[in-house]
Amino acid sequence: MGLIRSKKELELILSRINWYRHSKKRLEQYQTPPSIVAHMVWTAYMRGDVEGLTIGDYGCGDGRISIASILMGARRVICVDIDEDILLHGLGTATSLFPGVAGRILYVDADVERLGLKDVDTVIMNPPFGVVAENRGLDIVFLRRAMATARSIYSIHKYSEAFIDIAREVAEDNGFTLDSYELLDFEIPMMFETHRRRIYRVKTVFIILTRV
């Protein structure tokens, strides 16, 4: 784990990462708040699903989950996103703020639906919520791809009672079990022209899936 001794310490380190100022609404590029990234990665670490392992971060955006995973002892992270611009931003951030981390993150410009990765131990991700019409159901696509490549999955989604049932069904159909879920408030700052409030709070659910 290196020198990081608590979830709060990890959150403080991640708070150094600046928000990406050219986010694309159609790709739902809402950067995950440092508190949620720290909570997800710390939880995975405490369950033995990070240290010394290969992590997949699908829909990685600026790579903050990837950075946190390396800081918590991951052997390497595969950071996948369909948008080259935000990947380049993430690489620049890691190189400038965390020079010892960048060399252990592989940045991949690819469509998650077409991924053929192998040898990924754990996926930790914040996929698109599916609030943009053309993205409806995309978070389930991400889940299916994660289940095809890893044995443990930590993922955050827009909450609904129906989603929990869907996630459980999809997990069971693919040889996984829904271990647990937890509701979290996901804060989105004013970042698009259509936004009218300084902060939007979205109810999300953090799920953990493990292969049976």
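Residues numbered from 1 in each chain as written. Predicted model: local features only at pLDDT ≥ 70, side-chain atom pairs only at ≥ 80, totals over all residues. Heavy atoms only, no water.

**Q** So, unusual backbone geometry: which residues are in play, and what are the values?
**A** Even without being glycine, Asp119 reaches a positive phi, approximately 60 degrees. For Asp119, the location among the structural elements is in the loop between strand 3 (105-109) and strand 4 (122-125). Assessed through its relative accessible area of 63%, Asp119 is described here as exposed. (Helix = DSSP H or I, 4+ residues; strand = E, 2+ residues; numbered from the N terminus. Buried < 20%, exposed > 50% of the residue type's maximum accessible area, 1.4 Å probe, protein only.)

**Q** So, the pattern of salt bridges: which residues are in play, and what are the values?
**A** For the structure on display, the rule yields seven salt bridges. Measuring nitrogen to oxygen at the nearest pair gives 3.7 Å for the salt bridge that ties Lys8 to Glu11. Here Glu11 and Lys8 lie together in helix 1 (residues 7-14), a separation of three residues that amounts to about one turn. Put simply, Asp62 and Arg64 hold a salt bridge, and the shortest N to O gap is 2.8 Å. By relative accessible area, Arg64 is classed as buried at 4%. (Salt bridge = Lys/Arg side-chain N within 4 Å of Asp/Glu carboxyl O.)

**Q** Which residues make up the packing of aromatic side chains, and what values go with them?
**A** The final tally for this structure, using the stated rule, is three aromatic pairs. Ring geometry for Trp42 and Tyr45: centres 5.8 Å apart, planes at 45 degrees, overall tilted. Of this pair, Trp42 and Tyr45 both sit in helix 2 (residues 34-46), three residues apart, roughly one helical turn. Side by side, Trp42 and Tyr45 carry an identical accessibility label, which is buried. Geometrically, the ring pair formed by Tyr154 and Phe206 is tilted, given 6.3 Å between the ring centres and 35 degrees between the ring planes. (Phe/Tyr/Trp six-rings, centres within 6.5 Å; stacked < 30°, edge-to-face > 60°.)

**Q** Requested: an account of the pairing of strand 2 (residues 76-81), with residues and values cited.
**A** Along strand 2, five of the six residues are buried, which leaves the element largely enclosed by surrounding structure. Relative to strand 2, strand 1 (residues 54-58) runs parallel, the two being bridged by five bridges. Note on strand 2: the bridge partner recorded for Asp57 is Cys79. In this fold, strand 1 hands off to helix 3 (residues 64-71), which returns the chain to strand 2; that crossover is right-handed. In the sheet, strand 2 pairs with strand 3 via five bridges, with the strands oriented parallel. Bridge pairing in strand 3 links Cys79 to Tyr107. (Pairing = 2+ DSSP bridges. Right-handed = clockwise from strand over helix to strand, strands pointing away.)

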